[in-house]
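Chain residues, written in single-letter form:
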Amino acid sequence: MARTAKTASKASRTTAGDEEEPATFPTVPLIKLVLLVTALASASLATQLALHPLYGNTVTSVNHSKVVLLACLLSALFPHDSAGPSERITLLGLASWLAYAPYASYGIGRWSAKWSNPVLGPAGAEAAILLPTLSVGIILVRRWSFVAIAGLLTICAAFSPASAPSSKAKPGISTSSYKFALPFCLPVIVALMSLSLPPNSSPRPPYTRGTASPRASLSPTPPATVRVLASTHSVTGLILVGEHVREGFRFLRADHSLLGGRWVGDKVAPGSRNGLGDSIYTTFVVQEAVRLVEREKTKDERALVIGLGVGIAVEAFLAQQINTTVVEIDPAVYDYARRYFSLPEPNQVYIADAREWVHDHAFPAAQNKFDYIVHDCFSGGSVPGHIYTLEFWEELKGMVKSDGVVAVNFVGRLGSEPARAVFLTLQKTLGGCRAFHDHMETKFDDSYAFYNVVFFCTPLSSTAPTFRSASEGDYLSSHLRRHVLGAFARREVERNQILGVDKEPDLLEDGEEKWILRDGANRLEEWQQPDAIEHWTIMREVLPDVFWETY
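Reading guide: rules and limits
Residues numbered from 1 in each chain as written. Predicted model: local features only at pLDDT ≥ 70, side-chain atom pairs only at ≥ 80, totals over all residues. Heavy atoms only, no water. Core = buried A, V, L, I, M, F, W, Y, C linked by side-chain atoms within 4.5 Å. Buried < 20%, exposed > 50% of the residue type's maximum accessible area, 1.4 Å probe, protein only. Helix = DSSP H or I, 4+ residues; strand = E, 2+ residues; numbered from the N terminus. Pairing = 2+ DSSP bridges. Right-handed = clockwise from strand over helix to strand, strands pointing away. 1 Å grid on protein atoms, 1.4 Å probe; cavity = no way out; pocket = protein on both sides within 12 Å on 5 of 7 lines; lining within 4 Å. Points joined across faces, edges and corners; volume = space filled by probe spheres on them. Nonpolar A, V, L, I, M, F, W, Y, C, P; charged D, E, K, R; others polar. Disulfide = S-S within 2.5 Å.

**Q** Where do I start with the nonpolar core in this structure?
**A** Counting 50 residues, the largest nonpolar core has Leu-304, Ile-306, Tyr-388, Leu-396 and Phe-455 as the members making the most contacts within it. Considering every element that reaches this core, the biggest residue donor is helix H13 (residues 417-430), with seven residues. With 30 residues, the next largest nonpolar core counts Ala-289, Ala-303, Ala-337 and Phe-488 among its residues.

**Q** When you look at the pairing of strand S7 (residues 348-351) in this model, what are you seeing that I'm missing?
**A** Side chains on a regular strand alternate between the two faces of the sheet. Pairing of strand S6 (residues 323-328) with S7, which is carried by four bridges, proceeds in the parallel orientation. Along S7, the bridge assignment pairs Val-326 with Val-349. Note on the crossover from S6 through helix H10 (residues 331-340) to S7: the handedness is right-handed.

**Q** What is the right way to look at empty space enclosed by the protein in this model?
**A** Unfilled space is identified by rolling a water-sized probe across the atoms. For the largest cavity, the calculated volume is near 60 Å³. Considering the residues around the largest cavity, the lining is formed by Phe-284, Gln-287, Val-305, Gly-307, Leu-308, Gly-309, Gly-311, Ile-312, Ala-313, Val-314, Val-374 and Asp-376. Counting residues per element, the ones that place at least two in the lining of the largest cavity are helix H8 (283-287) and helix H9 (312-319). Of the residues that constitute the lining of the largest cavity, the class distribution is seven nonpolar, four polar and one charged.

**Q** Would you take a moment to explain the state of the cysteines for this structure?
**A** Each disulfide is one covalent bond, formed between the sulfur atoms of two cysteines. Evaluated as defined, the whole model comprises one disulfide. Across the disulfide from Cys-433 sits Cys-457; the S-S distance is 2.1 Å. Taking the sign of the torsion about the S-S bond as the criterion, the disulfide between Cys-433 and Cys-457, at about 115°, is right-handed. Here the residue Cys-433 occupies a position in strand S10 (residues 433-437), and Cys-457 occupies one in strand S11 (residues 451-457), the gap between them amounting to 24 residues. Each member of the pair, Cys-433 as well as Cys-457, is classed as buried.

**Q** Honestly, the pairing of S11 in this entry has me stumped. Any pointers?
**A** Within S11, seven of the seven residues are buried, which leaves it mostly tucked inside the rest of the structure. Of the two faces of S11, the one holding Tyr-451, Val-453, Phe-455 and Cys-457 and the one holding Asn-452, Val-454 and Phe-456 are both buried throughout. For strand S9 (residues 400-412) and S11, the ladder comprises seven bridges, and the chain directions are antiparallel. Counterpart to Phe-410 in the pairing with S11 is Val-453. Relative to S11, S10 is paired through five bridges, and the arrangement is antiparallel. Bridge pairing in S11 links Arg-434 to Phe-456.

Take it as geometry only, folks, not as evidence of what the structure does.
Here's what the structure looks like:
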């Protein structure tokens, strides 16, 4: 009897003590939880960015979300209780793997790129890094979350109006219910946090923008020697200047994209003032044909170039005594163009996103409007959709003189959804436009998979532009300019070829509105994804793997 009374008295004191003990805020589990979830989301993004030089932004992002979700779902199959390795050992292993991950990403990425599959290649490389990283990390997240959330529920209950002390269980969701649900909810939460981090938005491999001359036939067979002259991580990704020693050209690269290049060494014509030859791409010379549009010439002509590359078109405008303004989003691109490609200093330079800059400078005074505008923002197999919308072109139109000309570069498959969308949106806002391709052969050949096309538009004219014949002064002592501009008229691409109407006669029966790109309805980047995937394959055929692996 005495022993029973003593036990009952002890239980009574314990119950009373439990009721009086204040709730403790789960500070440490919450802090650990937030730090780990942030680290996992960052690792997800970092893995994607690490593969951009090998695959490009668009191709890498195709299956990224699927790999992240798979890793999160796999983690739900493993126990999250204290069984297994200790927390310290697990964290040490995870930290060691994350420290090695950048090197593993490069090695696995190089290997998977040799599959010549731009869809499975990056997915396989990401899976090799992220499956163990996220699976192990989320197991810890689930363990800590149970402690943290259980503590938070206790505190919330303590301050709830209905939480009067009682020895009876309160209605609501029990702790065991949370323990059952958390393993399935938390992977989804971590996946959403990982996917909420935006991918690196490069203004996005190049397609072979034509060939510069008969000398530009590049051999795709190794061994090839690539020398890196300078590189840095910048706004649009890895920016690199290199030289292909065996083929004899210098190039500027942004991730898996060539922004331009020039011939060097014995491929430079005698008398070159800077030791650099013609552009390795004909595209930039095609853009210079804005000067050939028939219009009244003025003494003080002004040009705006959006998207610098290595500065071929800008250098030509400056050589023609045209006051030239450059808008380039990446400071490293401008710096390297000046240092390694002998770009003369433009009259005005703005390092800014073109959409914001045009919006801020739209509808200037008459004396500040432009005779010529060149818009070339292709990179990584696609173009940034926000600077191809109807609203953007309307603002840009306000910057052009009454007889001014706008040249817009487009790369992709003609007759595709992106080609229709870009062309029809341009026509709706900038009036009559004509298109000219950049391939070495002047006659259009639809057997090519990709074409680089430049649209020439006269926004404030009632008719499409007409072109004069090029003269000796337009060539600037350049073999390439003579070849391209001398037979420029024969490069024209017909409207039906751009739209693909020849193959699909009823394509526009329901009107053109579905193809017009607007800020609130812009599917351009989605439509470009198949072209970007094919473009990666083309570039890997044009240049050997070692070219892309050297950075």
